[in-house]
Amino acid sequence: MGGFGETIFAEMTRLANETDAINLGQGFPDTDGPPSLLAGAAHWIGQGVNQYPPGPGRIELRTAVAEDRKARYGIDLDPETEVYITVGATAGIAAGVLSLVEPGDEVVLFEPMYDSYSGVIALAQGVRRPVTLRPSGSGPNARFTFDPDELRAAVTPRTRMIIVNTPHNPTGTVFTPDELAIIAEVCRDNDVIALADEVYEHLVFDGTVHVPLAAQPGMAERTLTVSSAGKTFSVTAWKTGWVMGPRPLVRAVQTVNQFLTFSANGALQLALADALRDEQGWVRTQRDALQDKRDRLAAGLTEAGFQVSNPQGTYFLMADIRPLGHSDGVDLARALPRLTGVAAVPAQVFYANEDEGRHLVRFAFCKRDEILDEAARRLRAFGDRSQG
Ligand SMILES: *Cc1c(COP(=O)(O)O)cnc(C)c1O
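Residues numbered from 1 in each chain as written. Predicted model: local features only at pLDDT ≥ 70, side-chain atom pairs only at ≥ 80, totals over all residues. Heavy atoms only, no water.

Labelled according to an unreviewed UniProt entry, the protein appears under the name Aminotransferase, originating from Nocardiopsis ansamitocini. Quoted verbatim from the Cofactor (unreviewed entry) field of UniProt, the annotation for the protein is "pyridoxal 5'-phosphate". (UniProt positions renumbered as here; feature names shortened; annotations may be inferred.)

## Some details on the site of the ligand
In the vicinity of the ligand there are 13 residues, among which Thr90, Asp197, Tyr200, Ser228 and Lys231 approach most closely. One nitrogen or oxygen atom from the main chain of Ala89 is found 2.8 Å from an oxygen atom belonging to the ligand. In the model, an oxygen atom of the ligand is placed 3.0 Å from a nitrogen or oxygen of the Asn169 side chain. Coverage of the ligand by the protein chains reaches 94% of its 390 Å² of free accessible surface. If you map the ligand onto the pockets, it falls in the largest pocket. (Near = heavy atom within 4 Å. Polar contact = N/O pair within 3.5 Å; in protein donor to acceptor, adjacent residues only side chain to side chain. Areas by Shrake-Rupley, 256 points an atom, 1.4 Å probe, with all protein chains shown as cover. 1 Å grid on protein atoms, 1.4 Å probe; cavity = no way out; pocket = protein on both sides within 12 Å on 5 of 7 lines; lining within 4 Å. Sits in = over half its atoms within 2 Å of the grid points.)

## Quick look at the side chain of Glu106
Structurally, Glu106 is set in strand S3 (residues 106-111). Looking at Glu106, the relative accessible area reads 9%, which means it is buried. Here the side chain of Glu106 touches Thr156 through a polar contact of 2.8 Å, side chain to side chain. In contact with Glu106, not counting residues within four places along its chain, are Val127, Arg129, Ala154, Thr156, Arg158, Thr159, Arg160 and Met161. (Helix = DSSP H or I, 4+ residues; strand = E, 2+ residues; numbered from the N terminus. Buried < 20%, exposed > 50% of the residue type's maximum accessible area, 1.4 Å probe, protein only. Contact = heavy atoms within 4.5 Å.)

## Some remarks on the environment of Lys70
Turning to its location among the elements, Lys70 is positioned in helix H3 (residues 59-73). On the basis of relative accessibility, which here comes to 40%, the residue Lys70 falls in the partly exposed class. Sequence-wise, Lys70 and Gly341 are 271 residues apart; in three dimensions their C-alpha atoms are separated by 45 Å.

## A short note on the sheet that holds strand S14 (residues 345-346)
Across the sheet, which stays open at both edges, the 4 strands sit in the order S11-S12-S15-S14 with antiparallel pairing between neighbours. The open sheet has two edge strands, strand S11 (307-308) and S14, and neither has a second partner. In the sheet, S14 pairs with strand S15 (residues 360-364) via 2 bridges, with the strands oriented antiparallel. From the neighbouring strand, Val345 faces S15, where its bridge partner is Arg362. (Pairing = 2+ DSSP bridges.)

## Focus on helix H5 (residues 115-123)
All buried positions along H5 are accounted for by Ser116, Tyr117, Ser118, Gly119, Val120 and Ile121. Those residues of H5 that are buried are in contact with helix H4 (88-100), S3, strand S4 (127-132), strand S7 (159-165) and strand S8 (193-197). Immediately beyond the C-terminal end of H5, within one or two residues, lies Gln125, with a positive phi of roughly 60°.

## Re the pairing of strand S9 (residues 223-228)
Of all the 6 residues making up S9, 6 are buried; the element is thus mostly covered by neighbouring parts of the structure. Neither face of S9 is open: one carries Thr223, Thr225 and Ser227, the other Leu224, Val226 and Ser228, and all of them are buried. Where S8 meets S9, 4 bridges bridge the pair, whose relative direction is parallel. Across the sheet, the residue bridging to Ala196 is Thr225, located in S9.

## Some words on the environment of Phe350
Within the secondary structure, Phe350 sits in the loop between S14 and S15. Residue class for Phe350 comes out buried when judged on its relative accessible area of 1%. Phe350 has contacts with Phe9, Glu111, Pro112, Met113, Pro170, Val345 and Arg362, leaving out every residue within four places of it along the chain.

## Observations concerning the layout of surface pockets
In this structure, the largest pocket encloses a volume near 600 Å³. Lining the largest pocket are 26 residues, with Gly27, Thr90, Tyr114, Lys231 and Lys239 sitting closest to its centre. Elements that contribute at least two residues to the lining of the largest pocket include exactly H4, H5 and helix H8 (229-232). Here the lining of the largest pocket gets 4 residues from one element, more than from any other, and that element is H4. In terms of residue class, the lining of the largest pocket is made up of 8 nonpolar, 13 polar and 5 charged. (Points joined across faces, edges and corners; volume = space filled by probe spheres on them. Nonpolar A, V, L, I, M, F, W, Y, C, P; charged D, E, K, R; others polar.)

What follows is the structure in structure tokens.
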């Protein structure tokens, strides 16, 4: 793992703290999850749920996950054998890759990509095969998508897995049924397993519908889907996630995960089982609030002179820095806290082909309105100075 240094998120957060800047780098909300969920955790800890839960997770949560998946997407899962609780989606992704990817196997994935994918592919001694998402269209209607021919060309006889993150961090793209159908066809034709990272499944805007990859024809038997409580309920510190899929794939995850973390926090699992059933209204309200926050920050960034894409989901938006006369996102992100009092993350770190993302910076909008307004004010002042 010699090539993996400190993550850019840690560096930017430290810079933000040193300069007292507003941190729109790392994607975590600055408000709490639903009160009943927080009270539920305290309740179960008080009730003595403080020893190892079963490795696969508390059956209460596995059942609630299966019911939720059925209610929202019509997907049938046996909670006993097809749902497995992990320490966040991160551990689910790690166990999925480590259990299914052998040394030399190739993993196709879309860049920009979430940083943990590269780390666990390296741990598995697999080989990354990135397919670049690029904006189609321009201005606020630009939406990042892939060229189907580039996807097909990335698959070789060594391809074992494709990682598909929808809604997608950092571009905010929610893959359409047509795009998912192309991915599914590539998987079926080449006997490739899919790992679907759907941690933002609830956080979609403007009436956009999230469609699970596992719902595509022929995909249920070859897809491991990962989701998590952190983003849905604004409890990113809880690190409670779930892996869903056909029995053989879930059993593979279990084999690895028993030696990674063995089990996840039991009291939190019980609290989340209730919240999945009872707090869908809270989740919808949160989603609508996030949509407004996206618009608030996008307007500020646009006025400051950035060219902003319009994410259909997640916590993030991508901003092109070239209209401001800059060309290197890493240089700008390192300077931004001192120049403007706002910290962001250079998108380059999400790319294997760094040139593809050099001109982009990622901002998180999952912050209180007054924080976003102040960030927008600071960035506008910077834009006026840059352009004036
Ligand atoms: C936040 C995030 C995760 C990690 O989820 P945890 O439950 O906190 O481990 C995984 N994938 C993506 C795309 C994320 O943004």
